[in-house]
Structures are given as C-alpha cells and as structure tokens.
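# Remarks on the overall topology
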Amino acid sequence: MSDIKSLLKQYEEVNAELNKQISENGSNFIQALFQEVFDKHEGLNVVGIVGWTMGFNDGEACYHQQYTYTGEMHEGWRKDGTFFADFVEESGDFSEEFEFDEDTNTHLNSQCTTLAQAKAEIEKYDEIIERVYNTNFRIVVTRNEDNTVNVDQDYYDCGY
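Keep in mind that what you see is a predicted model, and the values were worked out from it rather than measured.

## Concerning the nonpolar core
- Counting 19 residues, the largest nonpolar core has F34, L44, V47, I49, I129, I139 and V141 as the members making the most contacts within it.
- By residue number, the principal contributor to this core is helix α1 (residues 2-40), which donates five residues.
- Not counting residues within four places of it along the chain, the set of residues in contact with I139 comprises V47, G48, I49, F94, I129, Y133, V151, D152 and Q153.
- In terms of nonpolar packing, the next biggest core, distinct from the first, is built from 14 residues, M54, V88, F94 and V140 among them.

## A short note on the pairing of strand β6 (residues 149-155)
- Relative to β6, strand β5 (residues 137-143) is paired through seven bridges, and the arrangement is antiparallel. Directly across from V140, in β6, lies its bridge partner D152.
- Where β5 folds back onto β6 in an antiparallel hairpin, the turn is made up of five residues, including N147, whose phi is positive at roughly 70 degrees.

## Overview of α1
- Here α1 spans only 44 Å end to end across 39 residues, well under the 57 Å set by a 1.5 Å rise per residue.
- Along α1, the sharpest kink reaches roughly 75 degrees, centred on N25.
- Along α1, the positions that sit buried rather than exposed are I22, G26, I30, L33, F34, Q35, V37 and F38.
- Residues of α1 that are buried sit in contact with β1 (46-53), α2 (115-123), α3 (126-133), β5 and β6.

## Focus on the pattern of salt bridges
- A complete count under the given rule lists five salt bridges for this structure.
- Two residues, K9 and E13, come together in a salt bridge whose shortest N-O distance is 3.0 Å. One end of the pair, K9, and the other, E13, are both in helix α1, four residues apart, so they sit about a helical turn from each other.
- Linking E97 and R138 is a salt bridge whose minimum nitrogen-to-oxygen distance equals 2.9 Å. Within this pair, whereas E97 is found in the loop between β4 (83-85) and α2, its partner R138 is found in strand β5, the two being separated by 41 residues in sequence.
- Relative accessible area serves as the criterion here: at 24%, E97 is assigned to the partly exposed category.

Quick notes on the rules
Residues numbered from 1 in each chain as written. Predicted model: local features only at pLDDT ≥ 70, side-chain atom pairs only at ≥ 80, totals over all residues. Heavy atoms only, no water. Core = buried A, V, L, I, M, F, W, Y, C linked by side-chain atoms within 4.5 Å. Buried < 20%, exposed > 50% of the residue type's maximum accessible area, 1.4 Å probe, protein only. Helix = DSSP H or I, 4+ residues; strand = E, 2+ residues; numbered from the N terminus. Contact = heavy atoms within 4.5 Å. Pairing = 2+ DSSP bridges. Expected span 1.5 Å × (residues − 1). Bend = angle between axes of the 7 residues up to and from the residue. Salt bridge = Lys/Arg side-chain N within 4 Å of Asp/Glu carboxyl O.

That's the geometry; what it means functionally is another story.
Right under this line is the structure:
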C-alpha cells in the first residue's frame, strides 16, 4: 500500500511540474516539436490539427476529441474507389491550407512519402498539445521558405 501512495505522490509532483512547464514554455515546445518533425520529413509542408469538446452528447459525457491531418491518402467510402486525402470532408476543413486540387487529387504534402510517420510523431504529443491549447482549437502548421515552421492557432467551434 505504501508503494502505491509513494508512487501517487511522485506522480502528483511530476504532473504539477509538467503543468508548470507547459504554462511557461508550452508554445515554445510546440514550435520546437513541429520544427523537428518538419525537418525530418522532406515534402511535409503543412499539418492541420483540430481539437474540441462538444457541448452536448445526448446525455453522455462530453469529452475532448483531437485529430491530426497530414494529407495521407486513403481508400474508403467513395463508391468509385478513388483515394482521398485524410482532411477531405473532416473536422476543421483544411482543404484551403493544404491547397487541395480536386481535379488532380493533390495537395502541398503530396510529394512527402513519410506522412504516416510524421503523423505518428505528432500524435505522440496529443496530450501536450491539448494541455497547451486546452480545447476548441484549430492549428495550422506551415513550412516557411527558409524551412522554419509557423504555428497558427485559432478558435474552433465543432457546431454541437
């Protein structure tokens, strides 16, 4: 029993320090995280993230939801069997930021061959991203001409 109490005390201390660090350095951490990811993945030019907590859920608990979009191509529900980018018809509507061309089914990240890996690297930090931005956010991360990244965050309303 004392081991559990000791571990719980350690957890609470570490969590308090993490919250302090996020409060003081969260934005800088996010900037550095995305710079690292973009540096590792040639052809990665834009990432979209949307997070929200619904205001109503038919009597069920309302909880934070978060999705990261890199433009991975998926085969899915389309009747013609064509592939579609992960951000098409999804929350956040990132088609403009990705400069999506419906005729050619291409976008700014179409030349990146490691989109799944980039997405996985970002999603490892979902909890930190949520702690930095709380909820109801829409983030667009873009590569600048000098290869630095720009993180732009706005309010997001899921509509329910």
